[in-house]
Amino acid sequence: MLIIVPPSETKRPPSDRGRPVALDDLSFPELTDLRTRILDALIATSARPDAFERLLVRPSKAAEVARNTWLRDLPAMPVLDVYSGPLHDGLGATSFSTTATERADRNIVVTSALWGVLRPADRIPPYRLHICSRLAGMDRLEPTWRTVLGDLLAQAAGPDGIVLDLRSPSYQAMGMPTGLSDRTVALRVDQAARGGPRVGDVVAKRIRGQAARHVLESGADPVEPDALGDILAERWPVRLDAPSRSGHPWTLTLTAND
């Protein structure tokens, strides 16, 4: 089983001390050259007068943009300690059981506009970079990563088992696992209002993180989309839809509990 986790825009601040990121030590070393190019472009872009426009952030994020210029020097932290958005809050990696921690180390990869794809044990500094940012001297990031990540995700998934994709469409555009649409399941949350308030984006993201946690804590390794649906149906009403056309993933939709 492989669980593909997106990054979050919000990140915890760096530690006061510690070793900086070592690019050569990160998982998936075949990405080192591209990571280096994007890192250098992000540092240069963050020092430009048009940095806010290029990075798609407001001036209120000036401190985070300025921090980007020191990314090679900032203390690095384990990947799942860096991200702090609602999906990662729902995942709750800091309170995993021993079993779930071991499974997460084997089964989770985290995609990133800066680093491409990482394992939980990798250590990175907090950064500010959206997938739609326009870095100086570089093409758009989605197609740049798409040239390499599809095959890499397929290799990480291995020969069998479900691929559970928690990403939004914008981060799925970085690359889907090549040739694995028959066992890739995109997780969605039904946000429509049915006699009550609409489920907001923050709640939907948190539920997706909780769903991944539920699978990890279950100890199960589903090999078919139906089996994954059965696991998640223990906690949420689910709807499983087959791919709409060849090459597209299955879609598993959760309905938020009252």
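This report concerns the structure included in the present document. A quick note: this is a predicted structure, and the numbers were derived from the prediction, not measured.

**Describing the sheet that holds strand β8 (residues 238-241)**
One open sheet holds the seven strands; their spatial order is β4-β3-β1-β6-β7-β9-β8, and the pairing between them is mixed. Of all the strands in the sheet, the pair left with one neighbour each is β4 (116-118) and β8. Along the sheet, successive strands turn relative to each other by an average axial angle of 25°, direction set aside. As paired elements, β8 and strand β9 (residues 250-255) share four bridges and run antiparallel to each other. Considered in β9, the bridge of L240 is made with L252. Of the strands in this sheet, β6 (163-165), β7 (184-190), β8 and β9 touch helix α10 (residues 225-232), which is tilted by about 10° from β9.

**Regarding the environment of P13**
With respect to the secondary-structure elements, P13 resides in the loop between β1 (2-5) and α1 (32-46). A residue is classified by how much of its surface remains accessible, and P13, at 56% relative accessible area, is exposed. Setting aside residues up to four positions removed in sequence, P13 forms contacts with R67, M77 and P126.

**Description of the pairing of β7**
Counting buried residues in β7 gives six out of seven residues, a clear majority hidden from the surface. Where β6 lies against β7, three bridges are found, and the strand directions are parallel. Residue V163 lies in a different strand from β7, and its bridge partner there is T184. Pairing geometry for β7 and β9, over six bridges, is parallel. If you follow D190 over to β9, its bridge partner there is T255.

**Description of unusual backbone geometry**
The phi torsion at F28 lies on the positive side, around 55°, for a residue other than glycine. Turning to its location among the elements, F28 is positioned in the loop between β1 and α1. Residue classification places F28 among the buried positions, given a relative accessible area of 14%. The backbone of L56 sits at a positive phi, close to 60°, despite the residue not being glycine. Under the relative-accessibility criterion, L56 is labelled partly exposed at 48%.

About the cut-offs
- Residues numbered from 1 in each chain as written.
- Predicted model: local features only at pLDDT ≥ 70, side-chain atom pairs only at ≥ 80, totals over all residues.
- Heavy atoms only, no water.
- Pairing = 2+ DSSP bridges.
- Helix = DSSP H or I, 4+ residues; strand = E, 2+ residues; numbered from the N terminus.
- Axes fitted to C-alpha atoms, helices over the stretch in contact; angles between N-to-C directions.
- Contact = heavy atoms within 4.5 Å.
- Buried < 20%, exposed > 50% of the residue type's maximum accessible area, 1.4 Å probe, protein only.

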